[in-house]
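So the chains spell out like this:
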Amino acid sequence: MKEKRYKTLEFIGIPIIYLIATLLHFVYKLSDGSTLSILFGAVNESVWEHIKIFSVGFVFWSVIILLSSKPPFYKFVVAKTVSLYFLSLCITVFFYTYTFFTKRPIHIVDLLSAVAFVALTQYISYRLVTSSNRIEEYFVVAVMLLMLFFVMFFSFTVFPPRADLFKDPVTGMYGIISENIDKGALHLHNSQQNP
């Protein structure tokens, strides 16, 4: 492995992952709901859909790193799986913690925290791959966890569980939201439920 190149690619990935996620945030609307945009883009404003777009950027950039710097494969897969779950957990826990106090999302906080979590995730991944720890022994477990993540990833947009993680805070709906909903009636309904 070319360690200097690997380190550079990990840290260059911070803005690239963020830019990919930003693009994927809007791709569903820009493509008029194409199948690919449903699978990889954000179809609503739920926490899950934000996890999804950052995960796509993270996985895409991980493949670029793997092909470009050829790190030890088993160790790399374990490190990236741990990092992927860590990124998802950070986004979720931080969002629900700060909105518990603010009672509403704050856009700038979401943006800055996303950058921080992507940076932290890339750093953790780098440290795991370059450490002397024998994490490659967990390769099979990592592959199973990665497969579980992809099953959830491709299922929960189309068939979202009825949990806050998957609920669009703007409409109060789950999953793919029709472009033709009566937003005025929906707002009135939500305001009556949450006085």
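From a predicted model like this one, the values you see are computed outputs, not experimental measurements.

**With respect to the overall build of the protein**
Right, on to step 1. Counting its secondary structure elements, the protein contains 7 helices and 0 strands.
Right, on to step 2. In sequence order, the protein lays out its α and β elements as α-α-α-α-α-α-α.
Right, on to step 3. The globule rule puts the C-alpha radius of gyration for 195 residues at 16 Å, and the 18 Å found for the protein is close to it.
Right, on to step 4. Put simply, the protein has 195 residues, and 38% of those count as buried.
Right, on to step 5. Accessible area of the protein: about 11300 Å², with a carbon and sulfur share of 70%.

**Some points on helix α3 (residues 47–69)**
Each turn of an α-helix holds 3.6 residues, which means side chains three or four residues apart point in the same direction.
Right, on to step 1. Between its first and last C-alpha, α3 extends 32 Å over 23 residues, near the 33 Å set by a 1.5 Å rise per residue.
Right, on to step 2. Positive phi shows up at K70, right after α3, with a value of about 45°.

**Comments concerning the nonpolar core**
When a protein is soluble and globular, its nonpolar side chains tend to lie buried together.
Right, on to step 1. Among the nonpolar cores identified, the biggest contains 37 residues, and F54, L87 and I91 are the most heavily contacted of them.
Right, on to step 2. For this core, the elements supplying multiple residues, two or more each, are α1 (3–30), α3, α4 (73–102), α5 (107–130) and α6 (139–155).
Right, on to step 3. Counting residues per element, this core draws most heavily on α4, which supplies 10 residues.
Right, on to step 4. Once residues lying within four places of it in the same chain are set aside, the contact partners of L87 are F54, F58, F117, V118 and T121.

**Focus: the confidence of the model for the protein**
Right, on to step 1. Mean pLDDT over the protein stands at 88; residues scoring 70 or higher make up 90%.
Right, on to step 2. At the level of individual helices and strands, the protein shows its lowest average pLDDT in helix α7 (residues 183–193), which scores 48, and its highest in α4, which scores 96.
Right, on to step 3. Across residues 182–190 the pLDDT falls below 50, and counting only partners more than four positions away or on other chains, this stretch makes 6 contacts in the model.

**Some words on the side chain of T171**
Right, on to step 1. Locating T171 in the fold gives a position in the loop between α6 and α7.
Right, on to step 2. Separated by 3.1 Å, the side chain of T171 and the backbone nitrogen of M173 make a polar contact.

**So, the side chain of T99**
Right, on to step 1. Within the element layout of this structure, T99 appears in helix α4.
Right, on to step 2. A relative accessible area of 13% means that T99 is categorised as buried.
Right, on to step 3. Setting aside chain neighbours within four positions, we find T99 in contact with R104 and P105.

**Regarding the packing of aromatic side chains**
Right, on to step 1. A complete count under the given rule lists 21 aromatic pairs for this structure.
Right, on to step 2. Between Y6 and F76, the ring centres sit 6.4 Å apart and the planes meet at 75°, which makes this aromatic pair edge-to-face. Residue Y6 is located in helix α1, and its partner F76 is located in helix α4; the two are separated by 70 residues in the primary sequence. Accessibility classification places Y6 together with F76 in one group, the buried group.

**Quick look at the pattern of salt bridges**
Right, on to step 1. In the structure shown here, the tally under the stated rule is 4 salt bridges.
Right, on to step 2. Taking the shortest distance from any N to any O, the salt bridge between K80 and E10 comes out at 2.9 Å. Separated by 70 residues along the polypeptide, K80 in helix α4 and E10 in helix α1 bring together distant segments of the chain. Across the pair, E10 and K80 agree in class, each one buried.

**Focus: unusual backbone geometry**
Right, on to step 1. With a phi angle near 45°, K70 is a residue other than glycine that sits in the positive phi range.
Right, on to step 2. With respect to the helices and strands, K70 occurs in the loop between α3 and α4.
Right, on to step 3. Under the relative-accessibility criterion, K70 is labelled exposed at 59%.
Right, on to step 4. In this structure, K103 is a non-glycine residue whose phi angle is positive, near 70°.
Right, on to step 5. With respect to the helices and strands, the residue K103 is situated in the loop between α4 and α5.
Right, on to step 6. We classify K103 as exposed; its relative accessible area is 66%.

Thresholds applied
- Residues numbered from 1 in each chain as written.
- Predicted model: local features only at pLDDT ≥ 70, side-chain atom pairs only at ≥ 80, totals over all residues.
- Heavy atoms only, no water.
- Helix = DSSP H or I, 4+ residues; strand = E, 2+ residues; numbered from the N terminus.
- Rg over C-alpha atoms; globule rule 2.2 N^0.38 Å.
- Buried < 20%, exposed > 50% of the residue type's maximum accessible area, 1.4 Å probe, protein only.
- Areas by Shrake-Rupley, 256 points an atom, 1.4 Å probe, with all protein chains shown as cover.
- Expected span 1.5 Å × (residues − 1).
- Core = buried A, V, L, I, M, F, W, Y, C linked by side-chain atoms within 4.5 Å.
- Contact = heavy atoms within 4.5 Å.
- pLDDT = per-residue confidence, 0-100.
- Polar contact = N/O pair within 3.5 Å; in protein donor to acceptor, adjacent residues only side chain to side chain.
- Phe/Tyr/Trp six-rings, centres within 6.5 Å; stacked < 30°, edge-to-face > 60°.
- Salt bridge = Lys/Arg side-chain N within 4 Å of Asp/Glu carboxyl O.

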